[in-house]
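# Architecture at a glance
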Amino acid sequence: MAVLYQKSVLDMIKEFRRNWHTLCNSERTTVCGADSMLLALQLSMAEKNKQHSGEFSVSLSDLLLTWKYLLHEKLNLPVENMEMIDHYEDIRKTYDDFLKNSNMLDLIDVYQKCRILTSNCEKNDKISPSQLRDFLSGRQYAVDDEANLCVPTSPTSKHNQDNEKISHTSEQFINETPKRTYPEVNAREKN
């Protein structure tokens, strides 16, 4: 399912790039993926935290809480039962200003601009807001797909087993190797 979302997001970006002249001011607008969005949010939160408490930092829990709220708010998904950190409005304004001053759009902005562009076309709604939220959150499966969940085998598990075998073999080799003494060194040490 993640591949399906990825294809939809890539199609959306291609559509945005084809029609950039009607959707934004510059052809050189940078489209931010989830990692860049999260980094911009972290910087915005740290800036606001510095203004309020004097420390340019942000806790991971606050960042993730704000990230979740930001995704829901920007995609017009329900936010009723979600926690919102203090100064969220200031953080959101700083985030939006950062993107604007850097000539960037996040994927949600691109999504909203493309929806306006395709509102009269038959190919409208290739990806829903909840699917985009899932894509940005890194979810690979929808909630109703839980019966289909399979845990892929990790290639690192075989690697770890091989490392354990090598470690065990090397310990055996070291323990079984006879200890050699060097008589001339021992004789010098006694003198």
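Residues numbered from 1 in each chain as written. Predicted model: local features only at pLDDT ≥ 70, side-chain atom pairs only at ≥ 80, totals over all residues. Heavy atoms only, no water.

## With respect to the overall build of the protein chain
The criterion, for reference: The numbering of helices and of strands both runs from the N terminus, where a helix is a DSSP run of H or I of at least 4 residues and a strand a run of E of at least 2. Think of it in three bands: residues with accessible area under 20% of the maximum for their type are buried, residues over 50% are exposed, and the middle band is partly exposed, with areas taken using a 1.4 Å probe on protein chains only. Contacts are residue-level and defined by heavy atoms, with any inter-residue pair within 4.5 Å sufficient. All accessibility values rest on the Shrake-Rupley procedure with a 1.4 Å probe; residue burial counts only the protein chains present in the view.
Helices and strands together make up the secondary structure of the protein chain, namely nine helices and two strands. N-terminal to C-terminal, the α/β element order of the protein chain is α-α-β-α-α-α-β-α-α-α-α. Buried residues in the protein chain amount to 28% of all 191 residues. Look at the contacts in the protein chain between residues 6 or more apart in sequence, and 62% of them connect residues 24 or more apart. Carbon and sulfur atoms make up 51% of the accessible area of the protein chain, which amounts to about 13700 Å² in all.

## A few points about the nonpolar core
The condition that has to hold: Put simply, a nonpolar core is a bunch of buried Ala, Val, Leu, Ile, Met, Phe, Trp, Tyr and Cys residues held in one set by side-chain atoms that sit within 4.5 Å of each other.
Residues Phe 16, Met 37, Leu 41, Leu 132 and Leu 136 are the most contacted members of the largest nonpolar core, which totals 33 residues. For this core, the elements supplying multiple residues, two or more each, are helix H1 (2-18), strand E1 (30-32), helix H3 (34-53), helix H4 (60-74), helix H5 (88-101), helix H6 (107-117) and helix H7 (129-137). With near-sequence residues (within four places) excluded, Phe 16 lies in contact with Leu 23, Cys 24, Val 31, Leu 105, Val 110, Lys 113 and Cys 114.

## Let's talk about the pattern of salt bridges
Rule in force here: Take a side-chain nitrogen of Lys or Arg and a carboxyl oxygen of Asp or Glu: if they are within 4 Å of each other, that pair is a salt bridge.
Counted by the stated rule, this structure contains eight salt bridges. Here Arg 92 and Glu 73 are joined by a salt bridge, their closest N and O atoms 2.8 Å apart. Of this pair, Arg 92 sits in helix H5 while Glu 73 sits in helix H4, placing them 19 residues apart in sequence. Looking at Glu 73, the relative accessible area reads 29%, which means it is partly exposed.

## Looking at a nonpolar patch on the surface
Let me state the cut-off plainly: Excluding any residue in a salt bridge, patches collect residues exceeding 30% relative accessible area, merging like charges within 9 Å and nonpolar Val, Leu, Ile, Met, Phe, Trp and Tyr side chains within 5 Å.
A surface patch of nonpolar side chains, about 350 Å² in accessible area, is lined by Leu 39, Leu 43, Phe 56 and Phe 98. In this fold, Leu 43 is placed in helix H3. For Leu 43, a relative accessible area of 35% translates into the label partly exposed.

## Looking at the environment of Tyr 5
The topology assignment puts Tyr 5 in helix H1. Overall, Tyr 5 belongs to the buried group, its relative accessible area being 4%.

## A few points about the packing of aromatic side chains
Our working definition: The rule is short: rings of Phe, Tyr and Trp, with Trp giving its six-membered ring, pair when the centres are within 6.5 Å, and they are stacked under 30 degrees, edge-to-face over 60, tilted in between.
Enumeration over the complete set of coordinates arrives at one aromatic pair. Considering the side-chain rings of Tyr 69 and Tyr 88, the 4.8 Å spacing of their centres and the 75 degrees angle between planes classify their relative orientation as edge-to-face. Note that Tyr 69 is positioned in helix H4 and Tyr 88 in helix H5, a separation of 19 residues in sequence.

## Some words on the confidence of the model for the protein chain
Here is the rule we go by: Residue-level confidence of the predictor is what pLDDT reports, using numbers from 0 through 100.
Confidence in the prediction for the protein chain averages 77 pLDDT; 67% of positions are at 70 or higher. No element of the protein chain has a lower mean pLDDT than helix H8 (residues 155-176), at 56, and none a higher one than H5, at 94. When the criterion is pLDDT under 50, residues 142-156 qualifies, and its contacts beyond four places in sequence or with other chains add up to four contacts.

## Comments concerning the packing of H4 against H7
Applicable threshold: As a rule, the C-alpha atoms of each element are fitted with a line to give its axis, helices using only the stretch in contact, and angles between N-to-C directions run from 0 to 180 degrees. Between 65 and 115 degrees an angle is taken as roughly perpendicular, under 35 as roughly parallel, over 145 as roughly antiparallel, and anywhere else as oblique. Crossing handedness is defined as follows: a turn of the near helix away from the far one that is anticlockwise and smaller than a right angle gives a left-handed crossing, while the clockwise case is right-handed. Under the scheme applied, nonpolar residues are Ala, Val, Leu, Ile, Met, Phe, Trp, Tyr, Cys and Pro; charged residues are Asp, Glu, Lys and Arg; polar residues are all the others, including Gly.
Axis separation between H4 and H7 bottoms out at 10 Å; the angle between their running directions is 155 degrees. Put simply, H4 runs roughly antiparallel to H7. Both H4 and H7 take part in a crossing whose hand is right-handed. Across from Trp 67, Leu 71 and His 72 in H4, the residues of H7 making contact are Arg 133, Leu 136 and Ser 137. Tallied by class, residues from the contact of H4 with H7 come to three nonpolar, two polar and one charged.

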